[in-house]
Structure formats: C-alpha cells, structure tokens
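Given next are the chains, with one letter for each unit.
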Amino acid sequence: MTEKTIDVLAIGNAIVDVIADGDDDFLARHGMAKGGMQLIDAEAAEQLYAAMGSGRETSGGSAANTVAGLAALGLKAAFVGQLGDDDLGKIFTHDIRSLGVTFDTPPRGDTGPTARCLILVTPDAQRTMNTFLGAAQHLDRGAIDADAIARARILYLEGYLWDPEEPRAAMEEAIRHARAAGTKVAFTLSDGFVVERHRDGFLKLIDEGKIDILFANEQEFLHLAGASDLDAALESFAGKVPTLVVTRSEQGAVAISGDEQASVPAEPIERLVDTTGAGDLFAAGFLAGQARGRSLEDSLRLGAIAASEVIQHYGARPERDLAELASDLIQ
C-alpha cells in the first residue's frame, strides 16, 4: 500500500474570485437572483467586471477554498484544476501555493482564459455569484495523477465541475484510481442547479458505492433525496453512503455514519458579513477531523468553527488562525 503523505487532494474549478460590494438595485439592473450562482459567458464577464466597484482578487473556486482551509488547519493539501496561460492564471497559482497548498497542474494555452467568479456582497451578507468557467471546464484526464491520488487519504470532488463533460470524465478517472488505492472519496453537491441536472448520475454513484463522504446543504439534500422533510430524507438515505454530512446554515449541521448520528449547532459569531465560502470551509473542517481520525461530532465541530470564521469577513479564505481556533480538536 502506498504511503499516505497527502491528507486531502481536491479536484475542482480553478477560479479567480473577484469580490466587491453591491446592493439590491445593482443586482436587479444586471438580472441577478440574490444569493444564487449563474454561469455567464466571456462577454458578460467583461461587462460585469467593468460595472463592479473595486474588489479583491484571490484564487478561488469551491474545492480550492476547501484545501486552503485545510492548509490553514495545518493539514497537507493538494489541488488539481485547469488554468489558462494568462495573468489571472499566474495570480491563482501564486496565491494558492502561498497558502501551502500543493498545486502542479500546468496551464494550457488552448482552453481560453482562466475562469473567474464575480461576487457581489449585499449589506445583508448574501453573496451573489456570476461565474465564467473559461479554462476550468477543460480539465481533462491528462491532469489526473494516479500516484498523487494513491498518496492521499481523501480525494475531494467538487460537484460544480461535474457539469461539463470533459472534467466529469477526469473525475470519474480519479474515482477509479481512488478505489484501487484505498483512498476515500468525498463529494460535495455544490449547488441546487447541479443536483437538478445530475441527480440520477449522483444517485448512481452512491448506489455503486463510489462515494464515502457526501456533503450537501439542506436544500440540496432534500432535492437529491426527493423529500420535503429532512428527517424523512435522512431516513431514506440510511446506509446508502458511509458518511453523510448535511449543513443547515444557522441551524448547524448533522452527520450520519453507519449507526452513528451527530449534530452540532452553528458557532456563535459577532457579526455576519459575507457567506461566501461557508460551505467550503465547513467541508475543510470536517475533512480535517476525518483525516486526523476524530469522531463524527468533533469533525462537525471543526467544520462549524471554520465556517463561522469565514462568514465574519469578506472572502472565502480564513483571516484568523484556524489552527489556533480549533487547537483542542486538531493535533
């Protein structure tokens, strides 16, 4: 058996996040549904970028945010995602490596520009995302490193990247390598529209035993389960996936693993500023706990701690020392 030297290897969209303030009028003028995520083309991305106020540019994408949180917690994390051969690609590479994340996917000049997510944060702390996928949707099987997957304890897959055919094939390849190497597979549903488009495919993955840890927020999970009540949905999924994690915003989170069920409340916060990355950082905390052999409840607590930190400031990256905040849970 290959030695496990990577705690979590994640595959996801390699996106540069641009975060700026906005208000309801701005969202309405540009046809945005507050709190949602929509895909836009290159022309719309340029127009919206020009109309936005000044913002912060950082490496982003859901799974990239998660591995950044894992690195902040002191774990060894790696990321696979496709960039274009351009300035934004260089920004992404420098930023994610500076956080301590291993990132070796070479940029490509034949995929179009590097992806970017234009995020408007309204005064009520809701984030509305407009994503141009660009090069990210052209991740192919050639980017999958079987040896790196074999060295990882957990392979973490981003549901957003399941939508385009080429990266979906790459992630299916990664799952095959993980199963062969004894690497656990974690999967996040990412968004309701992803579940809407791929519900049957996700259920097939679950039925075939290809997912060990499934992350979903409450609405995503209800849609996947075809239920209107959380308790009924949890009961219907009993035994279908080894570990199920459902986040419930201010109501905390619940997880089921075999016959064990645990739940935690949301961590108290001083002020809600920006919900960008809350689910991504929750996943980071939970995966950190699992990689370190912590209990289901402790892993949920780690997720809640990481999520509570990130929603008290702009952006999806922790600003306080997560390892210190979670020192009683991370050894």
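Computed from a prediction, not measured in an experiment: that's the story for all the values here.

Draft legend 1. Focus on the nonpolar core. Counting 55 residues, the largest nonpolar core has Leu9, Ile11, Leu155, Leu214, Phe221, Leu224 and Phe237 as its most contacted members. In terms of residue count, helix α7 (residues 192-207) provides more of this core than any other element does, 6 residues in total. What Leu224 contacts, discounting residues up to four positions off in sequence, is Leu189, Val195, Arg199, Phe202, Leu203, Ile206, Leu214 and Phe237. Formed by 50 residues, the second largest nonpolar core is a distinct cluster that contains Phe103, Phe215, Ala255 and Leu302.

Draft legend 2. Summary view of the sheet that holds strand β2 (residues 15-21). Strand order in this open sheet of 5 strands is β3-β8-β7-β2-β4, and the pairing throughout is mixed. The sheet is open, and its two borders are formed by β3 (37-39) and β4 (56-60), each paired with just one other strand. On average, adjacent strands in this sheet sit at an angle of 25° to one another, irrespective of strand direction. Here strand β7 (residues 115-121) pairs with strand β8 (residues 127-132) via 6 bridges, running antiparallel. Across the sheet, residue Leu120 finds its bridge partner in β8, namely Thr128.

Draft legend 3. Broad picture of the UniProt feature "domain: Carbohydrate kinase PfkB" (unreviewed entry) in the protein. With numbering matched to this structure, UniProt assigns "domain: Carbohydrate kinase PfkB" (unreviewed entry) to residues 51-317. The span residues 51-317 shows a helical share of 40% and a strand share of 21%, and its end C-alpha atoms are spaced 25 Å apart.

Draft legend 4. Local environment of unusual backbone geometry. If you check the backbone angles, Ser190 has positive phi at about 75° while not being a glycine. Tracing the backbone through its elements, the reader meets Ser190 in the loop between β10 (184-188) and α7. Of note in the backbone geometry, Ser249 takes a positive phi value of approximately 55° without being a glycine. Classification of Ser249 by relative accessible area gives exposed; the value is 60%.

Draft legend 5. Spatial organisation of the packing of aromatic side chains. For the structure shown, the criterion picks out 10 aromatic pairs. Look at Phe92 and Phe103: their rings are 5.5 Å apart centre to centre, the planes differ by 65°, and that puts the pair in the edge-to-face class. Note that Phe92 is positioned in helix α4 (residues 87-98) and Phe103 in strand β6 (residues 102-103), a separation of 11 residues in sequence. What links up through ring pairs into an aromatic cluster is the set Phe79, Phe92 and Phe103. One residue, Lys240, lies across the ring of Phe237, its end atom 5.1 Å from the ring centre.

Draft legend 6. The arrangement of the side chain of Ser299 in detail. Mapping Ser299 onto the fold places it in helix α11 (residues 296-310). The buried category is assigned to Ser299, whose relative accessible area is 0%. Not counting chain neighbours up to four residues away, the residues in contact with Ser299 comprise Gly285, Phe286, Gly289, Gln290 and Arg294.

Draft legend 7. Highlighting the environment of Leu281. Locating Leu281 in the fold gives a position in helix α10 (residues 278-291). The exposure class of Leu281 is buried, given its relative accessible area of 0%. Considering only alpha carbons, one finds Leu281 and Ala306, 25 residues apart in sequence, at a separation of 5.4 Å. Not counting chain neighbours up to four residues away, the residues in contact with Leu281 comprise Asn65, Gly69, Gly303, Ala306, Ala307, Val310, Ala316, Pro318 and Leu322.

Draft legend 8. Spotlight on the pairing of strand β5 (residues 77-80). Alternating positions in β5 separate into two faces, Ala77 and Phe79 on one and Ala78 and Val80 on the other, with burial throughout. Strand direction decides the pairing type here: strand β1 (residues 6-11) and β5, joined by 4 bridges, are parallel. Within the sheet, the bridge partner assigned to Ile11 lies in β5 and is Val80. Sheet analysis places β5 next to β6, joined by 2 bridges and oriented parallel. Each residue of the ladder has a partner; that of Phe79, found in β6, is Phe103. For the handedness criterion, the β-α-β arrangement of β5, α4 and β6 is classed as right-handed.

Draft legend 9. Seen up close, the pattern of salt bridges. Under the defined criterion, the tally for this structure stands at 19 salt bridges. Where Arg116 meets Glu46, a salt bridge forms, and the shortest distance between an N and an O atom there is 3.7 Å. Here Arg116 is found in strand β7, whereas its partner Glu46 is found in helix α2 (residues 42-51), with 70 residues between them in sequence. Across the pair Arg179 and Asp212 runs a salt bridge, and its minimum N-O distance is 2.7 Å. One end of the pair, Arg179, is in helix α6 (residues 165-181); the other, Asp212, is in the loop between α7 and β11 (213-217), and 33 residues separate them in sequence.

Procedures and definitions
- All residue numbers refer to position in the chain's written sequence, counted from 1.
- Local features are withheld for residues below a pLDDT of 70 in this predicted model, meaning they are given only at 70 or higher, and side-chain atom pairs are given and counted only at 80 or more; totals for whole chains, interfaces and linings count all residues.
- Based on all heavy atoms of the structure, the side-chain values leave hydrogens and waters out of the count.
- Among the buried residues, those of types Ala, Val, Leu, Ile, Met, Phe, Trp, Tyr and Cys that are joined through side-chain atoms within 4.5 Å form a nonpolar core.
- Burial status follows relative accessibility: with a 1.4 Å probe on protein chains alone, a residue under 20% of its type maximum counts as buried, one over 50% as exposed, and anything between as partly exposed.
- Numbering of helices and strands starts at the N terminus; helices are DSSP runs of H or I of at least 4 residues and strands are runs of E of at least 2.
- By definition, residues are in contact when any of their heavy atoms lie within 4.5 Å.
- Should DSSP find at least two bridges between two strands, the strands are regarded as paired.
- In this analysis an axis means a line fitted to C-alpha atoms, helices contributing only their contacting stretch, and an angle means the value between N-to-C directions, from 0 to 180 degrees.
- UniProt positions are given in the numbering used here, feature names are shortened, and annotations may be inferred rather than shown by experiment.
- Centres within 6.5 Å are what make two rings of Phe, Tyr or Trp a pair, Trp counting through its six-membered ring; a difference in plane orientation under 30 degrees is then read as stacked, over 60 as edge-to-face, and the rest as tilted.
- Over a ring means this: the NZ of a Lys or the CZ of an Arg is within 6 Å of the ring centre and within 35 degrees of the ring normal.
- The path from the first strand over the helix to the second decides the hand: if it runs clockwise while the strands point away from the viewer, the crossover is right-handed.
- Definition used for salt bridges: Asp or Glu carboxyl oxygen within 4 Å of a side-chain nitrogen of Lys or Arg.

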